[in-house]
Amino acid sequence: MMRIEPYLAPRAANFRPLSPADLLVRAVESHGARTAVIWRDRKWTYAQFGALAARFVRWLQTNEVAAGEVVSVMSVNRPEMLAAHYAIPAVGAVLNTINTRLDPETVAYILEHAESRIILADPTCAAVAGEAARRAGVQLVVLSADAGPDALDLLAEDGEGGVFAVTGVADEWQPLCVNYTSGTTGRPKGVVYHHRGGYLNALGNVTALGFTRHTVYLWTLPMFHCNGWCHTWAVTAAGGTHVCLERIDPAAIFAAIEAHGVTHFACAPVVLYMLLNHPGRPQDLGGRRVLVGTGGAAPTATLIEQLEAIGIDIVHLYGLTESYGPATLCTLPDEMADAQPAAKATWLARQGVSHATANTVRVVDPSGNDVPADGRVMGEVLLSGSTLMAGYWRDPEATERAFVGGLFHTGDLAVRHPDGAIELKDRAKDIIISGGENISSLEVEGVLHRHPSVMLAAVVAAPDDKWGEVPCAFIELKPGAAVDAEALRHFCREHLAGFKVPRRFVFAELPKTATGKIQKFALRQEAARQP
């Protein structure tokens, strides 16, 4: 019987800790002349971008940033933000990307909790970052051409280059990043990623989304969000081109697609609705097809039909901050290419199966048994595998709760279909219990999204003296559309059981996070105040 003998143990020649930072080393060596980054009117080849990252490394070393120390970055999608995903891990430091829409108090909390050594901020974030840094007692450095002592210019045309190398990764389990959750139920938690997970998830994204050396990836998704779903590393692994976009603007997105031949981007569904409702929307994308990864609300038949007409195809993704972003995906099989939009919407409503390097996905009942694969019985989604967080920084109790029983508990409720695909039905906390009946908010939202006047819908529980809770629907209408509560109520009755029809309708712009997710916690608070 074969055993692991001492002479078969890993050694320097046959083992190197996995790290996504190494993906840039390989890209520079194998295709240094290929375009790596486009930003505004500037371009960098992989050789030039590697030199930029090397300058970043040298700056970190000059400032004596040590392995394990946290370097925070608050920036829109710029070349320096992308370079931070390589330079900071390369020296063994821990990258902490911060949501650009947060207030100074929350940013200060993150800096203090993460024990950040330095915060780097682009000029648009400098005021908030500066106030937060002052409160937390952390050094602020502004990414700017300003020659002042608190400025760092990595983009200078005459900036000295150098060879980018990864020298600070001794263990693939050492911290790569610490990403803070949205904090919708209290203070945000610091989710610690390890180098192994970042590397594996990046390669999994390459296979899942079909990234190649011909990929031109438009950065509509913020890089601060789960490190851009690990696409910061995945696009580089494939040798593709990063097109940096600093803010969500439909006109700028369409212009970038045309100017650079964009092949992929990723975003929340709200961004897709913004594109479709933009007055300057083109009739088509010049004959090209663009693949979009989206998560959150299931795509509707109308959304799919209108996107397909202009040349955009959808992949439905599911994941969490704790799973490095997307862990599962649902794509249309070839035989459904000519199917009706309604059939495609039904298929793409599912979250699908895990990608090649992601986690094992289970759906279990309260006793921990796997639910039958019948598409009806609902259970909690549990994950296990190499692309899960190490844990929550400075919160061992929450970490143990998340991993109780040897699996990660997502808090999401789903069914499993006969072909193995999962379909989310709700967050456990979003289930509405009305008179003893369970109502899926996602089901009600799915019906409302089918109404031609509705752009976005979010359904939450509102307190009710008789029923305990009733559905309350918050509606954001399409530009120029008009519909009243009674019309929507009648529409819902045609498609839902009576007890699932919202009792209240509120028409307003829905509050959203920086990544376009609807902030349901804010809507619950508003629903509780509604008469």
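Above this text you will find the structure in question.
A brief report on the enclosed structure follows. (Residues numbered from 1 in each chain as written. Predicted model: local features only at pLDDT ≥ 70, side-chain atom pairs only at ≥ 80, totals over all residues. Heavy atoms only, no water.)

1. Looking at a nonpolar patch on the surface
In step 1: On the surface, a nonpolar cluster with roughly 380 Å² of combined accessible area is contributed by Ile4, Tyr7 and Leu8.
In step 2: Within the element layout of this structure, tyrosine 7 appears in the segment before α1 (22–31).
In step 3: Here tyrosine 7 falls in the exposed class, since its relative accessible area comes to 58%. (Patch = residues over 30% accessible without salt bridge, like charges linked within 9 Å, V, L, I, M, F, W, Y side chains within 5 Å. Areas by Shrake-Rupley, 256 points an atom, 1.4 Å probe, with all protein chains shown as cover. Salt bridge = Lys/Arg side-chain N within 4 Å of Asp/Glu carboxyl O. Helix = DSSP H or I, 4+ residues; strand = E, 2+ residues; numbered from the N terminus. Buried < 20%, exposed > 50% of the residue type's maximum accessible area, 1.4 Å probe, protein only.)

2. Thoughts on empty space enclosed by the protein
In step 1: Inspection of the entire model under this criterion finds 3 cavities of 30 Å³ or more.
In step 2: Of the pockets and cavities examined, the largest cavity occupies roughly 80 Å³.
In step 3: In terms of lining, the largest cavity is formed by 13 residues, of which the most central are Tyr273, Thr302, Leu303, Gln306 and Lys478.
In step 4: Within the residue set of the lining of the largest cavity, elements represented by two or more residues are α10 (269–276) and α11 (301–310). (1 Å grid on protein atoms, 1.4 Å probe; cavity = no way out; pocket = protein on both sides within 12 Å on 5 of 7 lines; lining within 4 Å. Points joined across faces, edges and corners; volume = space filled by probe spheres on them.)

3. A look at the environment of glutamate 476
In step 1: By the element assignment, glutamate 476 lies in strand β25 (residues 468–477).
In step 2: Here the alpha-carbon distance between glutamate 476 and asparagine 77, two residues 399 residues apart in the chain, equals 28 Å.
In step 3: Once residues within four sequence positions are removed from consideration, glutamate 476 is found in contact with Val454, Met455, Leu456, Ala508, Glu509, Leu510 and Lys512.
In step 4: Polar contacts involving the side chain of glutamate 476 include one to the main-chain amide nitrogen of leucine 510, which spans 2.9 Å. (Contact = heavy atoms within 4.5 Å. Polar contact = N/O pair within 3.5 Å; in protein donor to acceptor, adjacent residues only side chain to side chain.)

4. A look at the packing of α10 against α11
Any two packed helices are characterised by how steeply their axes cross, that is the angle between the axes, and by the distance between the axes.
In step 1: At a minimum axis distance of 11 Å, the contact between α10 and α11 shows a crossing angle of 60 degrees. Considering the angle they form, α10 stands oblique to α11. Viewed along their axes, α10 and α11 form a crossing whose handedness is left-handed. Residues Leu272, Tyr273 and Leu276 of α10 lie in contact with α11, whose contacting residues are Leu303, Gln306, Leu307 and Ile310.
In step 2: Partitioning the contact of α10 with α11 into residue classes produces 6 nonpolar, 1 polar and no charged. (Axes fitted to C-alpha atoms, helices over the stretch in contact; angles between N-to-C directions. Parallel < 35°, antiparallel > 145°, perpendicular 65-115°, else oblique. Left-handed = near helix turned anticlockwise from the far one by under 90°. Nonpolar A, V, L, I, M, F, W, Y, C, P; charged D, E, K, R; others polar.)

5. Structural notes on the sheet that holds strand β17 (residues 360–364)
In step 1: Taken in spatial order, the 4 strands of this open sheet run β17-β18-β20-β21, and their pairing is antiparallel. Only two strands of the sheet have a single neighbouring strand rather than two, namely β17 and β21 (422–427). Pairs of neighbouring strands in the sheet enclose a mean axial angle of 45 degrees, with direction left out of account.
In step 2: Across 5 bridges, the pairing between strand β20 (residues 408–416) and β21 is antiparallel. Opposite arginine 416, over in β21, you have isoleucine 422 as the bridge partner. (Pairing = 2+ DSSP bridges.)

6. Describing the sheet that holds strand β24 (residues 454–464)
In step 1: Strand order in the open sheet formed by 3 strands is β24-β25-β26, with mixed pairing between adjacent strands. Of all the strands in the sheet, just β24 and β26 (504–507) have a single pairing partner and so form its edges. Averaged over all pairs of adjacent strands, the angle between their axes in this sheet comes to 25 degrees, without regard to strand direction.
In step 2: Pairing geometry for β25 and β26, over 4 bridges, is parallel. The residue of β26 that forms the bridge with cysteine 472 is arginine 504.
In step 3: Running over the sheet, helix α16 (residues 520–529) touches β24, β25 and β26 and is turned about 55 degrees from β24.

Remember that the coordinates give geometry; whether it matters functionally is a separate question.
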